[in-house]
Amino acid sequence: MLHIVACIKQVPDTKIIKMNPKTNTMDRRTAPAILNPYDAHAVEEAVRLKERYGGIVSVVTMGPPPAVNAIKTCIEIGADEGYLITDRRFAGADTLATSYAVTKAIEKIAKTRPVDLIICGKMSIDGDTGQVGPGIARRLDIPPLTSVNKVEEINQEEGYAIVHRKLEDGYEVVKSSLPCLFSVEKTINEVPYSPLPNMIKAARYKPHIWSVDDLEGVDIKQLGLKGSPTIVSKVWAPQKPAGGTFFEGSPREQVEQLLSVVLEKRELFEVKGEK
Amino acid sequence: MDFQDYQGVWVFIEKKDEAVASVSLELLGAGRKLADKRGVELAGILIGENVKHLTKTVFEYGADKVYVYDQPIFKHYRTESFMRALLDCTEKYKPEIILFGATSTGKDLASAVATDMPTGLTADTTELDVEEETGLLLASRPAFGGNIMATILCKKYRPQMATVRSKVMKALPPQPGRTGNIVEETISLKEEDIRTKVLEIVRETVKKVRIDEADIIVAGGKGLGSFEGFQLIHQLAETVGGAVGASRDVVEAGWIEHAHQVGQTGVTVTPKIYFAIGISGAIQHIVGMKNSGLIIAINKDKEAPIFQNCHYGIVGDAFEIVPILIEQFKNALSKEKVR
Ligand SMILES: Cc1cc2nc3c(=O)[nH]c(=O)nc-3n(C[C@H](O)[C@H](O)[C@H](O)COP(=O)(O)OP(=O)(O)OC[C@H]3O[C@@H](n4cnc5c(N)ncnc54)[C@H](O)[C@@H]3O)c2cc1C
Ligand SMILES: Nc1ncnc2c1ncn2[C@@H]1O[C@H](COP(=O)(O)O)[C@@H](O)[C@H]1O
């Protein structure tokens with residue numbers, strides 16, 4: 001029986017988010033919250049491993065109360081249990097403080113059922129760092145394996161996992177002791193439409209919800225904004241270059257002018273033309 | 001923590017095909033500027049097996065010193081072994097700043113090391129500066145929230161760490177014969193102490209698309225409307241002999257694979273000519289292409305931010321403009337050949 005924990009995050013859907021034309025910033029209120037797309041692959045992989053070897057999949061997230069919906073999406077994919085840690089004291093966490101809080105939650109989950117494997121997404125589409133996964137692994141003192149795009153074998157008796165890690169020009173096959181942590185690529189699997197029974201289960205599912213006080217041995221100073229070494233000091237619009245020159249005239253005339261500019265770099269095309 | 005103890009700028013030297021990876025050379029260039037501003041040393045940290053000969057390159061590209069860990073245990077990159085060396089070296093020599101390439105290895109190593117130290121780590125930086133007086137690293141990156149950049153600081157911890165995108169910093173011209181100080185280090189780490197093993201490395205023979213090496217890139221965005229519409233981009237690329245690039249929205253829509261994505265979460269490119277067609281010009285896209293030689297934008301919206309980031313622009317419908325462009329190009333190029 002494997003116990004796999006997938007770490008997930010709820011994020012604003014950047015594809016649907018609308019721009020505020022005046023300020024040129026994203027209007028977050030227009031963005032529906034979704035399960036971080038990379039994390040859907042993490043949960044899917046956990047579910048597939050469960051089907052292959054038998055076991056239980058738990059998902060854990062730190063976030064505001066509506067993150068319950070992201071957990072429900074994971075139940076639809078096939079996760080068994082969901083844990084939300086939510087508390088004002090978690091707010092403003094950078095990757096270091098996030099990995100600390102999530103680790104505390106995983107330690108508590110492991111009290112009831114030891115954890116064999118942790119799976120994270122490659123990155124979150126809003127935080128966009130890919131740092132939280134390795135951070136959790138270090139805090140739990142287990143090997144982090146990033147860029148995983150295939151799980152070849154999990155051998156619980158002998159306590160090892162064999163995976164493929166994506167490299168720029170291929171992949172490497174790595175064997176690691178268990179427990180360990182994977183950060184998975186999107187290419188590791190495809191997330192199919194959820195079967196109806198899972199949807200029904202998800203609709204009724206009530207995740208475990210914990211505050212800071214429900215966790216054990218927490219050093220408050222390491223949480224949230226206070227526990228975050230990095231701070232955003234200023235946000236600024238990048239200096240705009242003077243901007244492009246617009247061509248004038250009919251489309252055909254404009255293209256002609258463009259062509260004369262581009263053909264100044266004629267050597268680029270001649271080399272190609274000779275081949 | 002006494003900040004006075006922490007001095008110098010370090011660059012983690014990554015290896016690629018038995019040579020120093022280009023991103024590390026770029027970081028030596030960027031690191032040199034920071035070190036000079038602070039009046040401190042620039043050091044490389046080099047970990048591997050049979051890597052000592054690479055120090056020559058590291059000096060030629062601007063380092064004053066290289067810390068070298070050359071032991072069989074470092075034959076393959078593994079988080080745990082490399083992390084031990086780096087933690088060890090940092091503890092001993094206390095740098096003020098450490099820079100890593102934002103490659104999969106650089107990110108993997110930096111994330112692990114930052115957690116253990118612990119210290120702050122800024123991801124995917126595209127601009128770097130340092131406060132001359134305090135040594136505070138100003139690491140900036142495009143931020144979620146739209147067309148904005150955020151400067152990220154780590155005020156209370158040392159060393160300060162950042163991963164930096166490749167192709168955004170500039171390597172210095174190498175100075176042949178320039179040398180420096182080699183500090184050889186070893187750590188006592190046994191194979192049994194490492195919980196992972198690389199069993200096999202498989203190089204895929206199929207040549208992957210490498211748009212970062214192209215001289216000409218024709219990139220298309222969501223404005224092409226559909227997979228079918230996007231074929232226009234392929235046609236123009238073929239005509240001009242260029243590679244095809246794309247915005248993230250195009251990749252997410254499944255019109256082309258991720259290897260073609262330009263930008264923050266894709267590839268950074270610096271071609272001689274970059275066509276941006278039906279691309280709005282979000283900051284995450286711009287950071288990936290703004291250093292191109294000649295940027296040409298075609299967009300039907302006159303207000304699109306891409307026009308602020310290009311050299312020449314045509315306001316118009318891609319489906320009208322691009323076919324004319326292809327036609328005229330073909331004419332021009334065939335005339336060339338006749339002559
Ligand atoms: C964390 C994060 C990372 C990101 N990383 C990247 C990245 O690496 N790369 C990237 O590209 N984006 C990235 N993005 C997304 C980015 O913010 C934009 O959403 C994206 O670049 C927009 O793609 P687009 O320009 O193709 O589409 P849109 O913004 O929809 O723009 C389409 C443009 O086409 C024009 N148009 C429409 N029809 C026509 C026509 N017939 N002819 C001519 N023009 C037409 C429109 O006027 C419009 O300007 C990232 C976002 C986040 C939050
Ligand atoms: N708040 C969070 N709660 C649980 N897991 C998270 C959280 N933030 C990030 N993660 C995990 O860490 C991965 C990398 O996120 P990031 O470092 O933000 O890019 C994500 O794909 C998740 O698996």
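Criteria and cut-off values
Residues numbered from 1 in each chain as written. Chains lettered and ligands numbered in written order. Predicted model: local features only at pLDDT ≥ 70, side-chain atom pairs only at ≥ 80, totals over all residues. Heavy atoms only, no water. Helix = DSSP H or I, 4+ residues; strand = E, 2+ residues; numbered from the N terminus. Rg over C-alpha atoms; globule rule 2.2 N^0.38 Å. Buried < 20%, exposed > 50% of the residue type's maximum accessible area, 1.4 Å probe, protein only. Areas by Shrake-Rupley, 256 points an atom, 1.4 Å probe, with all protein chains shown as cover. Lys, Arg positive; Asp, Glu negative; His and termini not counted. Charge placed at Lys NZ, Arg CZ, Asp CG, Glu CD. Contact = heavy atoms within 4.5 Å. Buried area = accessible area lost by both parts, 1.4 Å probe. Salt bridge = Lys/Arg side-chain N within 4 Å of Asp/Glu carboxyl O. Polar contact = N/O pair within 3.5 Å; in protein donor to acceptor, adjacent residues only side chain to side chain. Nonpolar A, V, L, I, M, F, W, Y, C, P; charged D, E, K, R; others polar. Pairing = 2+ DSSP bridges. Axes fitted to C-alpha atoms, helices over the stretch in contact; angles between N-to-C directions. Near = heavy atom within 4 Å. Patch = residues over 30% accessible without salt bridge, like charges linked within 9 Å, V, L, I, M, F, W, Y side chains within 5 Å. Phe/Tyr/Trp six-rings, centres within 6.5 Å; stacked < 30°, edge-to-face > 60°. Lys NZ or Arg CZ within 6 Å of the ring centre and 35° of its normal.

A. The arrangement of the overall build of chain B in detail. A count of helical and extended segments in chain B gives 8 helices and 18 strands. Relative to a compact globule of 339 residues, whose C-alpha radius of gyration would be 20 Å, chain B shows 22 Å and is just as compact. Dimensions along the principal axes, computed over C-alpha positions, put chain B at roughly 65 × 45 × 40 Å. Burial analysis of chain B (339 residues in total) assigns 60% to the buried set. With the model as given, the accessible surface of chain B reaches about 13,800 Å², and the carbon-plus-sulfur share is 48%. Mean positive and mean negative side-chain charge positions of chain B (40 and 45 charges, respectively) differ by 2 Å.

B. Molecular detail of the overall build of chain A. Each helix and strand in chain A was counted, giving 7 helices and 15 strands. Expected size for 275 residues packed as a compact globule is a radius of gyration near 19 Å; at 23 Å, chain A overshoots this value by more than 25%. For chain A, the spread of C-alpha atoms along the three principal axes comes to 75 × 45 × 40 Å. Buried positions account for 53% of the 275 residues belonging to chain A. Partitioning the intrachain contacts of chain A with sequence separation of at least 6 by distance along the chain shows that 69% fall at a separation of at least 24.

C. Quick peek at the interface of chain A and chain B. Opposite the 76 residues of chain A that make contact, chain B presents 85 residues. Taking both sides of the interface into account, the surface hidden between chain A and chain B amounts to around 7,200 Å²; carbon and sulfur atoms contribute 60%. Interface area lost by chain A to chain B is led by A:Arg138, A:Trp236 and A:Phe246, which between them contribute 9%. There are 8 salt bridges connecting chain A and chain B. Here A:Asp169 makes a salt bridge to B:Arg203, at a shortest N to O gap of 2.9 Å. At the boundary of chain A and chain B, one finds 25 residue pairs in polar contact (both at pLDDT 80 or more). For the side of chain A that touches chain B, the element with the highest residue contribution is helix 6 (residues 251-262) of chain A, accounting for 9 residues. Of the residues in the side of chain A that touches chain B, the class split is 35 nonpolar, 20 polar and 21 charged. By the bridge criterion, 7 bridges tie strand 11 (residues 170-177) of chain A to strand 13 (residues 196-203) of chain B in an arrangement that is antiparallel. Paired with A:Tyr171 across the strands is B:Val202, a residue of strand 13 of chain B.

D. Summary view of the sheet that holds strand 15 (residues 243-246) of chain B. Here we have 6 strands laid out as an open sheet, ordered 15(A)-18(B)-17(B)-16(B)-14(B)-15(B), and parallel in their pairing. In the strand order of this sheet, the two ends are held by strand 15 (245-246) of chain A together with strand 15 of chain B, each with one partner. Note that strand 15 of chain A and strand 18 (residues 312-315) of chain B share 2 bridges and pair parallel. Among the inter-strand pairings, A:Phe246 is bridged to a residue of strand 18 of chain B, identified as B:Gly313.

E. Structural context of the sheet that holds strand 10 (residues 148-154) of chain B. With respect to topology, 4 strands assemble into an open sheet ordered 14(A)-10(B)-9(B)-8(B), the strand pairing being antiparallel. Both edges of this open sheet fall to strand 14 (230-236) of chain A together with strand 8 (127-130) of chain B, since each of them pairs with a single strand only. Sheet twist, expressed as the mean angle between neighbouring strand axes with direction ignored, is 30°. Sheet analysis places strand 8 of chain B next to strand 9 (residues 137-143) of chain B, joined by 4 bridges and oriented antiparallel. Bridge pairing in strand 9 of chain B links B:Val130 to B:Leu137. Strands strand 8 and strand 9 of chain B of the sheet are contacted by helix 1 (residues 22-38) of chain B, whose axis makes an angle of about 15° with strand 8 of chain B.

F. Molecular detail of the environment of B:Asp64. Residues and elements named next belong to chain B. With respect to the helices and strands, Asp 64 occurs in the loop between helix 2 (55-60) and strand 5 (65-70). Overall, the relative accessible area of 22% leaves Asp 64 in the partly exposed class. In the structure, Asp 64 is positioned 20 residues away from Gly 44 in sequence and 8.2 Å away in space, judged by C-alpha atoms. If we skip the residues at most four places from it in the chain, Asp 64 touches Arg 32, Val 40, Glu 41, Leu 42, Phe 59, Arg 178, Gly 180 and Asn 181.

G. Expanded view of the site of ligand 2. All names here are of chain A. Near ligand 2 you find 20 residues, and of these Cys 7, Asp 39, Ser 124, Thr 129 and Gly 130 are the closest. One of the backbone N or O atoms of Ile 8 is found 3.2 Å from a nitrogen atom in ligand 2. Between Asp 39 and ligand 2, the recorded distance is 2.5 Å, taken from a side-chain N or O atom to an oxygen atom. Burial of ligand 2 by the surrounding chains reaches 98%, relative to a free accessible area of 480 Å².

H. Quick peek at a nonpolar patch on the surface. On the surface, A:Leu196, A:Met199 and A:Ile200 cluster together into a nonpolar patch covering about 280 Å² of accessible area. Looking at the secondary structure, you find A:Met199 in helix 5 (residues 196-204).

I. View of the packing of aromatic side chains. For the structure shown, the criterion picks out 11 aromatic pairs over all chains. On the basis of an interplanar angle of 45° and a centroid distance of 4.8 Å, the ring pair of B:Trp10 and B:Tyr67 is categorised as tilted. Of this pair, B:Trp10 sits in strand 1 (residues 9-13) while B:Tyr67 sits in strand 5, placing them 57 residues apart in sequence. You'll find B:Trp10 and B:Tyr67 in the same group, each marked buried. Between B:Phe230 and B:Trp255, the aromatic rings sit 6.1 Å apart at their centres with planes inclined by 50°, giving tilted as the arrangement. In this pair, B:Phe230 sits in helix 5 (residues 227-240) while B:Trp255 sits in the loop between helix 6 (248-252) and strand 16 (273-277), placing the two residues 25 residues apart along the sequence. This pair shows no difference in class: B:Phe230 is buried, exactly as B:Trp255 is. Members of the aromatic cluster, joined through ring pairs, are B:Phe12, B:Tyr69, B:Phe74, B:Tyr77, B:Phe82 and B:Phe100. When the ring centre of A:Tyr38 is taken as origin, the NZ or CZ atom of A:Lys186, which lies over that ring, is 4.9 Å away.

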